[in-house]
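Examining the three-dimensional arrangement
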Amino acid sequence: MKKTADVVIVGGGVMGASLAWHLASRGCRDVLVLERLPELGGGSTGKATGGFRCQFSTEVSVRLSLLSREKLLRFPEEVGVDSGYLPYGYLFLAGDAEQLAALDWLHGFLHGLGAPCERVGPEDIRRLNPAANLEGIPGGTFGPADGFIRPLAILSGYTEAARRLRVEFEYGAEVLGLTVEADRIVGIETSRGPVSAGTVVDAAGAWAGPVARMAGVDIPVVPAKRQVAQTQPFGGLPDTMPMTIFLEDGFHLRVRDGRVLLLRSEDFATADPFDTTFDRDWLDRVVARSHERVPCLREAEIDVAGSWAGLYEMSPDSHALLGPAPGVANLFLMNGSSGHGVMHSPALGHLLAEMILDGEARTVDVRALRPTRFAEGEPVAGLSLL
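These figures come from a predicted structure and were not determined experimentally.

What counts as what
Residues numbered from 1 in each chain as written. Predicted model: local features only at pLDDT ≥ 70, side-chain atom pairs only at ≥ 80, totals over all residues. Heavy atoms only, no water. Core = buried A, V, L, I, M, F, W, Y, C linked by side-chain atoms within 4.5 Å. Buried < 20%, exposed > 50% of the residue type's maximum accessible area, 1.4 Å probe, protein only. Helix = DSSP H or I, 4+ residues; strand = E, 2+ residues; numbered from the N terminus. Contact = heavy atoms within 4.5 Å. Salt bridge = Lys/Arg side-chain N within 4 Å of Asp/Glu carboxyl O. Phe/Tyr/Trp six-rings, centres within 6.5 Å; stacked < 30°, edge-to-face > 60°.

1. So, the nonpolar core
One broad trend across soluble globular proteins is that nonpolar side chains are buried collectively. Counting residues in hydrophobic clusters, the biggest one holds 69 residues, and the most contacted among them are I9 and V201. At nine residues, helix α9 (residues 341-358) tops the list of elements feeding residues into this core. Excluding anything up to four places from it in sequence, V201 contacts V7, V8, I9, V10, L19, F332, M334, L352 and I356. One finds L128, F142, L262 and V286 within the second-largest nonpolar core, a separate group that totals 27 residues.

Below is the structure:
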């Protein structure tokens, strides 16, 4: 393993790989990526379900999605592989008049930013997803540019493209400590030996908080367990079905490779915040809800062994921390995307590369994501859609 680099990135998931490629594609090729796990895709990226949407309620998130979408469409040309982007849509379903009014507001907000969004009533919903139980559903929104991506294709694409530009990736290289003198990191201790760097990037996902604390920086990024139930192959729903989200309780589902993925955001009380043991009680609850919401799923068999748990990297306002870390001049943060990391990784890698190489992000105004915003009392405010 090399002992020094212009830029050392801590974390070899989709965030770190995106940044590595964006730096290298602009000529900054003395880059070292350190990944504590022994192989590509062993962390949170490999457990992502692959959703992509522009339907967000904050301007910065919408602009990240629009930039990411442009880059996903150019992925084969720029990176050399297919990102798997398929615009089958996201269908948000209101459970009452108040939620419908919020979605009506969202529709106008998105149009003002140039993001595709359609109001839909019950007849439209039956056309878009005839399997959904619409009892008590007055309407919703549909995003025709939303849809699905392949997380591991994006990760491996960025990784291999960066390697072709001489970026080095070291797996099984866990960061054990950061040495800070004055206001700069001057040394990185790893399980494979010491490394020095001109710039250090914390792209460690759910582990970003502990990594930052090694440099004396306290960031409000914490892990949150999320689970996915997967059916056995099931022909009752097509792969082209939009991601369908019931706002009343957060239950949502999509089809991937002939299997239905069942999801519902729920907090888990665990002694170990990094625990990813699958909770069977949750499985029973989400399956029961799936039978109510999409009755044909009563005929589907759950693949218990193929269901899984993973970790989100949550920030207090569910938005990423992007930019210089407070108090350490050569440390940058790229974490806290709160479940939206894979979909926004093309944009965030692009923008952080601009910050490192140009001194500021120029393509999109991401001042709202500055890591100091919480101490300044300016968290990003928006509707909670998931």
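2. Describing the pattern of salt bridges
One pass over the structure, following the stated rule, counts 22 salt bridges. Residues K2 and D30 are paired through a salt bridge, measuring 2.6 Å at the closest nitrogen-oxygen approach. A residue pair is termed long-range when its members are at least 10 positions apart, and K2 in the segment before β1 (4-10) and D30 in the loop between α1 (14-25) and β2 (31-35) qualify at 28 residues. With its nearest N and O atoms 2.8 Å apart, the salt bridge here joins R150 to D257. With R150 in the loop between β7 (147-148) and α6 (151-164) and D257 in the loop between β14 (251-256) and β15 (259-264), this residue pair connects regions lying 107 residues apart in the sequence. On the accessibility criterion, R150 (37% relative accessible area) is partly exposed. Members of the salt-bridge network, linked through shared partners, are E248, D249, R289, E292 and R293.

3. Digging into the packing of aromatic side chains
Aromatic ring pairs: the centre-centre distance and the angle between the two ring planes describe each pair. Within the structure shown, the criterion is met by nine aromatic pairs. Measuring from ring centre to ring centre gives 5.8 Å for W21 and Y158, while their planes differ by 35°; the resulting arrangement is tilted. Of this pair, W21 sits in helix α1 while Y158 sits in helix α6; the two residues are 137 residues apart in sequence, bridging distant segments of the chain. Plain terms: the ring middles of Y88 and F148 are 6.2 Å apart, the flat faces sit at 70° to each other, and that makes the pair edge-to-face.

No statement about biological role is implied by the geometric values presented.
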